[in-house]
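Per-entry structural report
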Amino acid sequence: MNSLISIKNLSKVYSNNFKALYNINLDINKGEIFALLGPNGAGKTTLISIICGIVTPSAGTVLVNGNDIIKDYRLTRSEIGLVPQELTLEQFENVFSNVCYTRGLYGKSPNPSYVEKILKELSLWDKKNSRINELSGGMKRRVLIAKALSHEPSILFLDEPTAGVDVELRQDMWKVVESLRKTGVTIILTTHYIEEAEAIADRVGVINNGEMIVVNDTAELIKSMGRKKLTIDLHEKINSIPTLLDKYSLKLINEGLSVCYSYDTQGSQTGITSLLQDIKETGLRLKDIKTEQSSLENIFVELVQKDEK
Amino acid sequence: MNFYAIRAIYLHEMDRMRRTLFQSILSPVISTSLYFIVFGSVIGGMIPQIDGVTYGSFIVPGLLMLTLLTQSISNSAFGIFFPKFTGSIYEVLAAPISSLEIIIGFVGASASKSLIVGIIILITASFFVEMKVQYPLLMAFLLILTCLTFSLFGFLIGIMSENFEQLQVVPLIIITPLVFLGGSLYSIDMLPEFWQKISYFNPVVYLINGMRWSFYGISDFNIWISVTSLVAFLMVCIAGVTVVIKKGYNIKN
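Residues numbered from 1 in each chain as written. Chains lettered and ligands numbered in written order. Predicted model: local features only at pLDDT ≥ 70, side-chain atom pairs only at ≥ 80, totals over all residues. Heavy atoms only, no water.

Let's talk about the overall build of chain B
Under the convention used in this document: To qualify as a helix, a DSSP run of H or I must reach at least 4 residues; to qualify as a strand, a run of E must reach at least 2; elements of each kind are numbered from the N terminus. Throughout this description, buried means an accessible area under 20% of the type-specific maximum (1.4 Å probe, protein chains only), exposed means over 50%, and partly exposed covers the range between. Using a 1.4 Å probe, the Shrake-Rupley method yields the accessible areas, and only the shown protein chains count as cover for residues.
The secondary structure content of chain B amounts to 10 helices and zero strands. Helices and strands in chain B line up, N terminus first, as α-α-α-α-α-α-α-α-α-α. With the C-alpha coordinates of chain B rotated into their principal frame, the extents come out at 60 × 35 × 35 Å. Expressed as a percentage of the 253 residues in chain B, the buried residues total 56%. Accessible surface, chain B: about 11100 Å² in total, of which carbon and sulfur atoms supply 71%.

Notes on the pattern of salt bridges
Residue and element names in this part refer to chain A. Here is the rule: What counts as a salt bridge is simple: a side-chain nitrogen of Lys or Arg found within 4 Å of a carboxyl oxygen of Asp or Glu.
Applying the stated criterion across every chain, the model contains 16 salt bridges over all chains. Lys 247 is the salt-bridge partner of Asp 278, the closest N and O atoms lying 3.6 Å from each other. Here Asp 278 is found in helix α9 (residues 272-282), whereas its partner Lys 247 is found in the loop between β11 (228-234) and β12 (251-253), with 31 residues between them in sequence. Since its relative accessible area comes to 12%, Asp 278 is described here as buried. Through salt bridges with shared partners, one network takes in Glu 178, Arg 181 and Asp 202.

Thoughts on the confidence of the model for chain B
This is how the line gets drawn: The quantity known as pLDDT measures the predictor's confidence residue by residue, on a range of 0 to 100.
Of all residues in chain B, 98% attain a pLDDT of 70 or more, and the chain-wide mean is 84. Per-residue pLDDT, averaged within each element of chain B, yields its smallest value for helix α2 (residues 21-43) of chain B (80) and its largest for helix α6 (residues 136-160) of chain B (90).

So this is what it looks like as structure tokens:
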């Protein structure tokens, strides 16, 4: 894949000496959905803000489609649409003018029919004459997306797009993201809903304390770092794990009616066969067996905790 | 040059004026009309002519200047401070616009609003006092230059302000006293010698006298001193705004 955004040795130190980003290196490919994950204050918004031109970097370079974000800012910014985290809108202006205003800022000639198309796609057309302060939080979020799309960008940044929105809108929003991807738009998003990132993102990057601690394909990351959990339901309740099974570090769960075994799928031996044989020897009767893959959320927590240590 | 962006900012700001017609137009017109009624028609009738001009007519350029200065500063300061306050400034900063284009959009709209208010005030004044404009081209030039210069100054205040209090400090604590003490309602010659000398340090004195000269051909100073001081202040404001925008002071960090 071609690298559409190339970040090299990027750092940001604010005037109060707070190091928001430290030596970030990242390439984002054309047409992909990239999820940027990290705890609050990790530097996600600062990174996005630098690429979009809102914050000035302290060191390093960012190229968008081969153009430098500082020297060639007109070219790079024209390609980028940004949906910010906060609901920052002119409260007393109506939806239609608000969207047209953003289109104008990006140097595009007025195109009411294109704005109409976006508003319709985002179910905002019937609110086109409503003032922003008359809209619900979810509707305001949609207006922000409409504004970001108003100048037909090839790169879309979504900073916490689903924070505080209801399930229906969240699903609508992901449908919009999916349809944008089909048109070739590259999408970079931050989210606290890691299951969403897992479902939608091609690749994820985890940032913590201003440093990028991992970047990988979503599926690859889950495969390489994920652990599996084997849950064995028993016919009879037990009070403790039999001594013969000590070596497996089993956990007694479900009030003694189940035991849980964690194993690494990448390991040469999972230990499942011997565990089942040893369980048979202890005389325990099995009722059911199920396996479960650890989620991206588990991996994220593990990565961040490891980085904190 | 991103003309569509300049147009977007300009129309966006002018639209704010349309939405707040009472505050933007009616309020300054009413307050200035009250000055004309009280000082021009009522008290003015008891005050002798100054340099052959009735008192009511004499105060027109000063009151016009008072309105232009306060309106230009507050329009522009509020215009850039409000998106900063709400956070919607992000889209201006993220758009492919140069600092110059941002300034042209915001300052152009602010100056236009002040110019509209100024023209309405002039029309209003003609209902209350006898008024003539001896040098209309000079008056138009000074009117536009004043609106532009003080809109730039207001833009600077708006960028540097971190809260609403700071936004109000300069117009209320500095500009209004300078205009009132700058000969808007009297001639500097009417002051005792000591206060006359003090007044020479007030830059607004030169602006008001310049405007008065364009109306009646009378001034406490040479007209070129007024024009030069206004142009010099314009240059200072341009330099200040350019530096502040380029460094991203109070916006980008």
